[in-house]
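The primary structure of each chain is shown beneath.
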2 protein chains.
Amino acid sequence: MSAASSTPTADGRIVLAHGGGGELTRRLVAERFLPKLGNALLSPLTDSAIIDVPAGRAAMTTDAYVVQPLEFPGGDIGRLAVCGTVNDLAVMGARPVALSLAMILEEGLELAVLDRVVDSIAAAAAEAGVVVATGDTKVVEHRRGDGLMITTAGIGEMTGEIRQAPDRIRPGDVLLINGPIAEHGLAVMSAREGLHFDTDLRSDVAPLNGLIAALLGCGADVRFMRDATRGGLAAVAADVAEASSLSVELDEAAIPMTRTARHASELLGLDPLLVANEGKVVVVVSGADTSRALAAMKAHPLGRHAAVIGRVTQARPAVVELLTRAGGRRLVQRPYGEELPRIC
Amino acid sequence: MSAASSTPTADGRIVLAHGGGGELTRRLVAERFLPKLGNALLSPLTDSAIIDVPAGRAAMTTDAYVVQPLEFPGGDIGRLAVCGTVNDLAVMGARPVALSLAMILEEGLELAVLDRVVDSIAAAAAEAGVVVATGDTKVVEHRRGDGLMITTAGIGEMTGEIRQAPDRIRPGDVLLINGPIAEHGLAVMSAREGLHFDTDLRSDVAPLNGLIAALLGCGADVRFMRDATRGGLAAVAADVAEASSLSVELDEAAIPMTRTARHASELLGLDPLLVANEGKVVVVVSGADTSRALAAMKAHPLGRHAAVIGRVTQARPAVVELLTRAGGRRLVQRPYGEELPRIC
């Protein structure tokens, strides 16, 4: 995606790219929201905010879901909403406890679809070990909504002692991921385009709190974690480099990816590094703890294909570079705007 | 509103009335969500759920806001979202601490509108003494959204000792309200219809946590509180009767209402008891504590026009009756479906 020279906000209006999770989103937040709403909890823009409660600490997070189609191979908007919020809590080191569930229904939505989505929410919540603690439902007129939109918020208990934060990242740390990339975005795009592949292409959407608890329990010094959703692996690697002021070197040959996903991304003309995942976490650990962390991840069903995919270096300036299969190097950049609209 | 004899779900689809906060909403929740999602936290359908956290208790709530127009006399969707969530925490006896803020923006939304709404969110949060602790932004295509939809969730500290719950309501208890009814719904409807009145008709949208803290601090035995939003005073009175299995007698002459609001409701053909408020709380207190509770409310700026509006009786069956100005009695019923669409 090339950087446009003309500003996409020329008309003084919101454009799709404002919500793409890339630079334009970052600027919207930094320029228009933070100056007015910023505070010690909001401003770090971490995946969860740590809320002080009497004699305890809670993490709180929220996400709105507007995926189209509502149902896709491997999941639906309900599973997505539960897992997304659970994962945003888990990557902060919190134990997810309770979710809120707000649904905006479009007049004309089939009840059968709603039923299936509610089933899926219940199943995903059970899988993750969380409860839906409170909710709200609104309905808007036909053509004023888009079938079904879901916003979840979550709170979690901060039980651990060790802090996971990008300022703890050091040169020599390694990056791991728990399995193959790009499957969620490609599954949704394929469903939207009516494409079919020889073998299953299914979203990876899953609650990662069990895997993350196992990882944190293994004793490895986990510096930082982030689930690679919108913006894909590239966006998380860029986050790591930006927040630590260090460089990240990714090894293309080491990044897990299925043959079907590779084929689909070529067909759709997408860079898999930029494609959203919904069941993948990028973990930065101390280099000395690499084997221990990898073993802990591989021992969990959602980490069977875990791999070491890169390292943190002192190279200047702080950038993300990909060591390609062909032996070259290329710069990896955060997607500028909306790479894949309506993917979550 | 007459009860339709044909079922409004004949086509197996969601209708507007499902989200109206009335009986059809209740049935949607009771029949389709609770059997699958129900648990000790969700099933009581209280305004906030009490979340256990280590050595402490937090309240959590959520609401989605889809009001049209986005801006109306006395407020906008941003002020509404903050106050609605703050009030849902406060009526549970919680001290609101932090909000989450998820926005779904429609492509084409003017940034100037967004700026004003964000200003309003910041101002309302400051007024209520809460922070926006975490957030999310999504954008949908033109005609797939409706300008701007907001979902807030909130968590609050449970600090009090005395429990407010409908099972504590007793015959002889009295109902109070902190001021004139129906202003929010009428202001929004008037803005939508392009109506103008001689004197200001403005939404009452306001954070009630200060007023409620003052009330709880006065020592009166507050049995139950609920903010009278969708469904109006009638819906809360019905909640009280239903949850306590006791009757409620409302005194029409005692219910505060401005002349402008009365005029507007006649013009629009609306029963003011059914019209939404966004800054009114119905309080049930022990009869012996009536004066103390009324004085505490009147001493607060948002309670200057507080009044005793009714009482709880043992009349069978458990219903809500209005003693009319004319000296008659009429049954007050929960609105069946969507009385005023898109009011919050």
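Residues numbered from 1 in each chain as written. Chains lettered and ligands numbered in written order. Predicted model: local features only at pLDDT ≥ 70, side-chain atom pairs only at ≥ 80, totals over all residues.

**So, the nonpolar core**
Our working definition: The term nonpolar core refers to a set of buried Ala, Val, Leu, Ile, Met, Phe, Trp, Tyr and Cys residues connected through C-beta atoms within 7 Å. Exposure criterion: with C-beta atoms placed from backbone coordinates, a residue whose C-beta has 20 or more other C-beta atoms within 10 Å is buried, one with 12 or fewer is exposed, and one in between is partly exposed. Contacts here follow a simple rule: the backbone-placed C-beta atoms of the two residues must lie within 7 Å.
Counting 216 residues, the largest nonpolar core has A:Leu176, A:Ala237, B:Leu176 and B:Ala237 as its most contacted members. Excluding residues within four positions of it along the chain, B:Ala237 makes contact with B:Val248, B:Leu250, B:Val320 and B:Val332.

**Describing the sheet that holds strand S8 (residues 174–177) of chain A**
Two strands in a sheet stick together by hydrogen bonds in their backbones, pointing the same way (parallel) or opposite ways (antiparallel). Residues and elements named next belong to chain A. Selection rule: What makes two strands pair is DSSP finding at least two bridges between them. Every helix listed is a DSSP run of H or I at least four residues long, and every strand listed is a run of E at least two residues long, numbered separately from the N terminus. To get an axis, fit a line to the C-alpha atoms, keeping to the stretch in contact for a helix; angles then go from 0 to 180 degrees between the N-to-C directions.
Within the open sheet, the seven strands sit side by side as S9-S11-S8-S12-S10-S13-S14. Their pairing is mixed. Whereas interior strands pair on both sides, the edge strands pair on one side only; in this sheet they are strand S9 (222–227) and strand S14 (329–332). For this sheet, the mean inter-axis angle between neighbouring strands, taken without regard to orientation, is 25°. Relative to strand S12 (residues 307–313), strand S10 (residues 247–251) runs antiparallel, the two being bridged by four bridges. Bridge pairing in S12 links Glu 249 to Arg 311. Those strands touched by helix H8 (residues 290–298) are S8, strand S11 (281–285) and S12, and its axis lies near 10° from that of S8.

**A closer look at the sheet that holds strand S13 (residues 320–323) of chain B**
Residue and element names in this part refer to chain B. Taken in spatial order, the seven strands make up an open sheet running S9-S11-S8-S12-S10-S13-S14, and their pairing is mixed. For this open sheet the edge positions go to strand S9 (222–227) and strand S14 (329–332), each flanked by a neighbour on one side alone. The average undirected angle you get between the axes of adjacent strands in this sheet is 25°. Against the sheet, helix H8 (residues 290–298) engages strand S8 (174–177), strand S11 (281–285) and strand S12 (307–313), with an angle of about 10° to S8.

**A look at the pairing of strand S5 (residues 94–106) of chain B**
Residue and element names in this part refer to chain B. Short version of the rule: If you view a crossover with the strands going away from you and the path from the first strand over the helix to the second runs clockwise, you call it right-handed.
With 12 of its 13 residues buried, S5 lies for the most part within the structure. In this sheet, strand S7 (residues 148–158) lies alongside S5 in antiparallel orientation, the contact comprising 11 bridges. By the bridge assignment for S7, Ala 102 is matched with Thr 151. Here nine bridges tie S5 to strand S6 (residues 131–140), and the two strands are oriented parallel to one another. From the neighbouring strand, Leu 101 faces S6, where its bridge partner is Gly 135. Handedness of the crossover joining S5 and S6 through helix H3 (residues 111–128): right-handed.

**Observations concerning the domain arrangement of chain A**
All names here are of chain A. Quick note on the threshold: All domain edges in this entry derive from an automatic or database-based domain assignment. The classification used treats Ala, Val, Leu, Ile, Met, Phe, Trp, Tyr, Cys and Pro as nonpolar, Asp, Glu, Lys and Arg as charged, and all other residues, Gly among them, as polar.
Each assigned domain of chain A is listed with its residue range as follows: domain 1 (46–158) and domain 2 (166–332). One C-alpha centre belongs to domain 1, the other to domain 2; they are set 23 Å apart. Listed per partner, the contact involves 22 residues of domain 1 and 23 residues of domain 2. Elements represented by at least two residues in the side of domain 1 that touches domain 2 include exactly helix H2 (77–90) and helix H3 (111–128). Tallying contributions element by element places H2 first for the side of domain 1 that touches domain 2, with eight residues. By residue class, the composition of the side of domain 1 that touches domain 2 is 12 nonpolar, six polar and four charged.

**Focus on the packing of helix H2 (residues 77–90) of chain B against H3(B)**
Residue and element names in this part refer to chain B. Rules: Roughly parallel means an angle under 35 degrees; roughly antiparallel, over 145; roughly perpendicular, 65 to 115; everything else is oblique. Each crossing gets its hand from how the near helix is turned against the far one by less than a right angle, where anticlockwise is left-handed and clockwise is right-handed.
One can describe the packing of H2 onto H3 by two numbers: an axis separation of 7 Å at closest approach and a directional angle of 30°. As summarised for this structure, H2 and H3 are arranged roughly parallel, according to the angle between their axes. Once H2 is placed against H3, the crossing between them reads as right-handed. Across the interface between the two elements, Ile 77, Gly 78, Arg 79, Ala 81, Val 82, Cys 83 and Val 86 from H2 touch Val 117, Val 118, Ser 120, Ile 121, Ala 124, Ala 125 and Ala 128 from H3.

**Digging into the environment of B:Ala243**
With respect to the helices, strands and loops of the structure, B:Ala243 is situated in helix H6 (residues 232–244). A residue is classified by how many C-beta atoms lie within 10 Å of it, and B:Ala243, with 18 of them, is partly exposed.

**Some words on H2(B)**
Note the cut-off: An expected span of 1.5 Å times one less than the residue number is assigned to each helix.
For H2(B), spanning 14 residues, the distance from its first C-alpha to its last is 20 Å, which sits close to the expected 20 Å at 1.5 Å a residue. Counting buried positions over the 14 residues of H2(B) gives 14, a clear majority of the element.

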